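# Results of the structural survey
Letter by letter, the chains look like this.
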Amino acid sequence: SPEKFESSVRYQLREYLGIKKFLDDKGYTAFTTNFEDLKGLKQLPGLAAQLLMRDGYGFGAEGDWKTAALTRLLKIMAHNDRTVFMEDYTLDLRKGHEAILGAHMLEVDPTIASDKPRVEVHPLDIGGKDDPARLVFTGADGDGIDCTVADFRDGFRFISYPVDCRKAEAETPHLPVAKQLWTPKVGLKKGATEWIHAGGGHHTVLSFRITEEQIHDLGTMLGMNLVEIC
């Protein structure tokens, strides 16, 4: 109903302003959320998280502080240009269509949108909270790089590969969230195999702006174990 839609959007804007004030008051520039621990909140931040990432804050879902920090750092390097929190959501294994569909339950940064983002309200089957508002859009075509950080307790590993990004081939009515397709330039099979062998997770940072050389230089400067899949 229109009343439910307006109420959900208003609540997300309250969350946006509240989280932003908390971050700014404490001097924080990145944050995480977790749908299993939403004490005092009626909705998982969706639109709120997307607007904060649009503003340049780092974000990681499910308490993923490593990706939150990486998102913030790479946003600084990219001047917040098309550099976003992402997740390897599912795979297209059809011959000639091999690709990764990047998405998340709510929170993908709208700076990579190729169409005008739409504000929509849909149920969220996990977390046991109210239906959250979120921005729904399709990603873009172009060259990019996808990165993640893995924690091996005795050190961090910085994993990356260059990717060919493209818009989704079809609408996804049963997945009413932001979405982006990409394929590792080395191919999906080789890219996925080496990513898994290196210990790469499903939360990543996808950038249309940052280059392989910049990722290499950053990892070298930080003294991290680099795995560059190319």
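Residues numbered from 1 in each chain as written. Predicted model: local features only at pLDDT ≥ 70, side-chain atom pairs only at ≥ 80, totals over all residues. Heavy atoms only, no water.

### Notes on the environment of Y89
Which entries qualify depends on this criterion: Secondary structure counts use DSSP, requiring at least four H or I residues in a row for a helix and at least two E residues in a row for a strand, with both numbered from the N terminus. Contacts were defined at the residue level, with two residues in contact if any of their heavy atoms lie within 4.5 Å.
Mapped onto the elements of the fold, Y89 is located in strand β3 (residues 83-92). In sequence terms Y89 and G63 are 26 residues apart; their C-alpha atoms lie 17 Å from each other. Those residues within four positions of Y89 in sequence are excluded, and the remaining contacts are L101, G102, A103, H104 and L175.

### A closer look at the nonpolar core
Heads up, the rule is: Buried residues of nine kinds, namely Ala, Val, Leu, Ile, Met, Phe, Trp, Tyr and Cys, make up a nonpolar core once their side-chain atoms join them within 4.5 Å. When accessible area is computed with a 1.4 Å probe and restricted to protein chains, residues below 20% of their type maximum are described as buried, those above 50% as exposed, and intermediate ones as partly exposed.
Ranked by size, the top nonpolar core spans 37 residues in total, and within it F31, F59, M86, I112, Y161, W182 and L206 carry the most contacts. Contributing elements (two or more residues each) for this core: α1 (2-26), α2 (47-54), β3, β6 (133-136), β8 (156-166) and α4 (188-198). Counting residues per element, this core draws most heavily on α2, at six residues. Among all residues touching L206, those that are not within four sequence positions of it are R82, T83, V84, M86, I145, D146, V163, C165, Q180 and W182. Formed by twelve residues, the second largest nonpolar core is a distinct cluster that contains L74, V149, L218 and M224.

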